[in-house]
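# Observations on the three-dimensional arrangement
For reference, the chains in residue letters:
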Amino acid sequence: MGIVERIKEIEAEMARTQKNKATEYHLGQLKAKIAKLRTQLLEPPKGSSGAGEGFEVTKFGHGRVALIGFPSVGKSTLLTMLTGTHSEAASYEFTTLTCIPGIIHYNDTKIQLLDLPGIIEGASEGKGRGRQVIAVSKSADIVLMVLDASKSEGHRQILTKELEAVGLRLNKRPPQIYFKKKKTGGISFNSTLHLTHVDEKLCYQILHEYKIHNAEVLFREDATVDDLIDVIEGNRKYMKCIYVYNKIDVVGIDDVDRLARQPNSVVISCNMKLNLDRLLAKMWEAMGLVRIYTKPQGQQPDFTDPVVLSADRGGCTVEDFCNHIHRSLVKDVKYVLVWGTSARHSPQHCGLAQMLEDEDVVQIVKKKEKEDGGGRGRFKSHSNAPSRISDREKKAPLKT
Ligand SMILES: Nc1nc2c(ncn2[C@@H]2O[C@H](COP(=O)(O)OP(=O)(O)OP(=O)(O)O)[C@@H](O)[C@H]2O)c(=O)[nH]1
Ligand SMILES: [K+]
Ligand SMILES: [Mg+2]
């Protein structure tokens, strides 16, 4: 019997089982069985390479965003509008059959946007090109779930379920459970607060299902069986997702208003170019990118080509900034001067551990060089010491 049939059979058994104190252990065990089967389903078929033909797109730019949604919601239309790339759009379903990348130029950065084939219910079990589409979306930094505003009820839940079935967790953070497998010593189960979903016995059952007999488990929140399974599986990806309700030109204003008020949601119309800038701003915020402008010694900062760091990938300390410029730079750095919101005063002498913030200006002072214009106090004499520069001012050359 195939894995998918096995999963269906267990789900049917769970649906038939009365939910009560006595059966919760059995149900918990069935959930673990399904999670294990789903992980097996995810393993790429023996000998296959990654996501399959037409889906191997190399990463490019400062971040990656994947367009996920049912067929004909407007994904390709949106990519064509936001990037210089044309992706075929048409009213029939499955117009797009491969992954088509475009580049969004935004805030001095390049963000790779991926158009993908529409996915349908059952995608996680391999329906259509679901498995490849979802594999590519897992490689992105954030997901834009594109929905047809005129018929999105239920679609959002279905898509969320399909993505969760392959280990994606949208707009969630990892459960606060400390879990460590041990060589010996049996299972130690502790919690820092009263638990209402999981008790020691259920935890043992779940661990037993994974043939784990020695482990340390500490619940730091009132987590559920699903949370515990997620922690044991350890292969979940926690991603931000923006719900993009497209085609609001064919929807009543009160429905549009209701959709717009939902968290992590944006309402747009590609056809009427409505609200696309708001979508870009929400996307930018979700990406959490940090632009650092370099200021060469004795010169003005270069505002055209920032070093772009990301809190999710690598981090935003002065050290990350130096490593981004080149690996061997860190050892020559005596300290750096920072202007901007992360500095208490401008410029501030900082070390490698200083966390940088978006639009900071950084000047590196190397060990052998002396500082620009003498000591800290004397630097003040340059009235043009850059502080937080607004976009407008950036355009006009700083007075020297
Ligand atoms: N009314 C309206 N129609 C739109 C809008 N955006 C796209 N469409 C239409 O919706 C249809 C589907 O658009 P596509 O961009 O092909 O949708 P898709 O999600 O890429 O479709 P697949 O590639 O098949 O998954 C096309 O006829 C578009 O012209 C919109 O804002 N309003
Ligand atoms: K289409
Ligand atoms: Mg398309």
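This write-up is about the structure you can find in this document. Just so it is clear, the model here is predicted, and its values are computed rather than measured. (Residues numbered from 1 in each chain as written. Chains lettered and ligands numbered in written order. Predicted model: local features only at pLDDT ≥ 70, side-chain atom pairs only at ≥ 80, totals over all residues. Heavy atoms only, no water.)

This paragraph deals with the coordination of the magnesium ion (ligand 3). On the protein side, the magnesium ion (ligand 3) has Ser76 (OG) and Thr96 (OG1) as donor atoms, found 2.0 Å from it. Here the potassium ion (ligand 2) and the magnesium ion (ligand 3) are spaced 5.1 Å from one another. You can see serine 76 sitting in helix 3 (residues 75–82) and its partner threonine 96 sitting in the loop between helix 3 and strand 2 (100–106), a full 20 residues away along the chain. Summarising the burial analysis for this pair, serine 76 and threonine 96 share the class buried. (Donors = N, O, S within 2.8 Å, 3.2 Å for Na, K, Ca; no water. Helix = DSSP H or I, 4+ residues; strand = E, 2+ residues; numbered from the N terminus. Buried < 20%, exposed > 50% of the residue type's maximum accessible area, 1.4 Å probe, protein only.)

This part takes up the packing of aromatic side chains. All told, the structure shown has three aromatic pairs when counted by the stated rule. One Lys or Arg, lysine 36, reaches over the ring of tyrosine 210 and ends 5.9 Å from the middle of that ring. The ring of tyrosine 243 is capped by arginine 156, whose NZ or CZ atom sits 3.5 Å from the centre of that ring. (Phe/Tyr/Trp six-rings, centres within 6.5 Å; stacked < 30°, edge-to-face > 60°. Lys NZ or Arg CZ within 6 Å of the ring centre and 35° of its normal.)

By nearness alone, 23 residues border ligand 1, and Lys75, Ser76, Thr77, Phe94 and Thr96 come closest of all. Separating an oxygen atom of ligand 1 from a side-chain N or O atom of serine 269 is a distance of 3.3 Å. Coverage of ligand 1 by the protein chains reaches 88% of its 660 Å² of free accessible surface. Considering every element that reaches the shell around ligand 1, the biggest residue donor is helix 3, with three residues. Here the residues of the shell around ligand 1 are counted per class, giving eight nonpolar, 11 polar and four charged. (Near = heavy atom within 4 Å. Polar contact = N/O pair within 3.5 Å; in protein donor to acceptor, adjacent residues only side chain to side chain. Areas by Shrake-Rupley, 256 points an atom, 1.4 Å probe, with all protein chains shown as cover. Nonpolar A, V, L, I, M, F, W, Y, C, P; charged D, E, K, R; others polar.)

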